[in-house]
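# Understanding the architecture of this molecule
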Amino acid sequence: MPRQCVVEPHDMAQIVDPGSIVVADWHRSADSKEFFSRILHKKKRRNFGLLEALVMPPNVSVDTVHYKIFISGKSGVGKTALAARLAGLNIPNMHYETTGIETTVVYWPVKLRESGRVLFFRLQLWDCGENALRRFDHLLPSCKEQVDAILFLFSFTDRASFDGLSNQIARGSEPCDRVVKLVVGTKFDLFMHTDVTEREVTRFQEVWGLPVFRMGGDVSNVSNLGEVAPLLNCLAEHLWHQDCVATRSTILPVSTQSEAATVVHV
């Protein structure tokens, strides 16, 4: 489906206020059950293949928008586990190095705040092992080709992964200037072993102006929508806003560092 929205072109690095575009915690509302039932089976998340399409009842009209997401991070921070968690799939108990590119499909419904329109976001997550990226020069360009967003990962139990974030973002962003960039700190619930403090995370957010999300390492309840909803909703909001800016279709409320932006509702 063509992505149709319109906005005056401002800085593409604008940060969208949480809940300003999509209804936060909509997955808890009664009117969302029909839509979320399509990504669940026996109260567990459905596993969607690359060629599998979402099926809705004939009386329900809903559009699906497609995006490519690259998950970036050093070996062992939990890239594969994050992809599985966002998709509601089983998370392996033991770490193994991804030998090439793995892709995971996530369907996520949202309700746009202004119009009340419901959209399904089809997020194709791309994950590639660090060693494979070093060995084969063509893998990183493949992961970043026509990418819409990059998730930069670090682990709260791996100090080096946090210290290397700035280099990771600089390397991963080139030449992808117009992409959504979010940071995810994994293994947040292992607070007894944390190597990264909240003060350092806050300082990073202030310097880089990027949202930082915290994800735990618990593998027992992968179907918990409430755990993944904040990150998936934030991805949806930033991706939809990015499209709106690119196509100059509808103005959306955002937080910017500039006070000069003029908002015009169409």
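Note that the structure is a prediction, hence the values are computed from the model and not measured. (Residues numbered from 1 in each chain as written. Predicted model: local features only at pLDDT ≥ 70, side-chain atom pairs only at ≥ 80, totals over all residues. Heavy atoms only, no water.)

Before going further, it helps to spend a moment on the sheet that holds strand 7 (residues 180-186). Judged by pairing direction, the sheet is mixed, and its six strands sit side by side in the order 4-5-3-6-7-8 without closing on themselves. Looking at which strands have only one partner, the edges of the open sheet turn out to be strand 4 (101-111) and strand 8 (212-214). Between one strand axis and the next, the sheet turns by 30° as a mean value, whatever way the strands run. Both strand 3 (residues 63-72) and strand 5 (residues 118-128) contribute to a ladder of nine bridges, which runs parallel. Bridge pairing in strand 5 places Val 65 opposite Phe 121. Here helix 2 (residues 79-87) sits on the sheet in contact with strand 3, strand 4, strand 5, strand 6 (149-155) and strand 7, set at roughly 35° to strand 4. Sitting on the sheet, helix 7 (residues 198-208) touches strand 6, strand 7 and strand 8, and the angle it makes with strand 8 is about 150°. (Pairing = 2+ DSSP bridges. Helix = DSSP H or I, 4+ residues; strand = E, 2+ residues; numbered from the N terminus. Axes fitted to C-alpha atoms, helices over the stretch in contact; angles between N-to-C directions. Contact = heavy atoms within 4.5 Å.)

The next thing to look at is unusual backbone geometry. Negative phi characterises most residues that are not glycine, and trans characterises most peptide bonds. Unusually for a residue other than glycine, Lys 42 sits at a positive phi of about 55°. Looking at the secondary structure, you find Lys 42 in the loop between strand 1 (40-41) and strand 2 (44-45). In this structure, Lys 187 is a non-glycine residue whose phi angle is positive, near 55°. Relative to the helices and strands, Lys 187 resides in the loop between strand 7 and helix 7.

Considering all chains together, one arrives at eleven aromatic pairs under this definition. Note on Phe 36 and Trp 108: the rings are 5.1 Å apart at their centroids and 80° apart in plane angle, and the pair reads as edge-to-face. With a gap of 72 residues between them, Phe 36 in helix 1 (residues 33-36) and Trp 108 in strand 4 connect regions that are remote in the sequence. A single burial state applies to Phe 36 and to Trp 108, both of which are buried. Measuring from centroid to centroid gives 5.1 Å for Phe 154 and Phe 156, while their planes differ by 55°, and the two rings are tilted. Note on accessibility: Phe 154 and Phe 156 belong to one class, buried. Three or more aromatic residues joined by ring pairs make a cluster, and in this case those are Phe 154, Phe 156, Phe 162, Phe 188, Phe 204 and Trp 208. Positioned above the aromatic ring of Trp 126, the side-chain terminus of Lys 68 is 3.9 Å from the ring centre. (Phe/Tyr/Trp six-rings, centres within 6.5 Å; stacked < 30°, edge-to-face > 60°. Buried < 20%, exposed > 50% of the residue type's maximum accessible area, 1.4 Å probe, protein only. Lys NZ or Arg CZ within 6 Å of the ring centre and 35° of its normal.)

Interaxial distance between helix 2 and helix 8 (residues 225-247) falls to 9 Å at its minimum, and their mutual angle equals 100°. The angle between the axes of helix 2 and helix 8 places the two elements in the roughly perpendicular class. Where helix 2 abuts helix 8, its residues Leu 82, Arg 85 and Leu 86 lie against Glu 227, Val 228, Leu 231 and Leu 232. In terms of residue class, the contact of helix 2 with helix 8 is built from five nonpolar, no polar and two charged. (Parallel < 35°, antiparallel > 145°, perpendicular 65-115°, else oblique. Nonpolar A, V, L, I, M, F, W, Y, C, P; charged D, E, K, R; others polar.)

Moving on, we come to helix 2. Given 3.6 residues per turn, any residue in an α-helix points the same way as the ones three and four places further on. For helix 2, the tally of buried residues reaches eight of nine residues, placing the bulk of the element in the interior. Listed in full, the buried residues belonging to helix 2 are Lys 79, Thr 80, Leu 82, Ala 83, Ala 84, Arg 85, Leu 86 and Ala 87. Positive backbone phi, at 75°, marks Gly 88, one or two positions downstream of helix 2.

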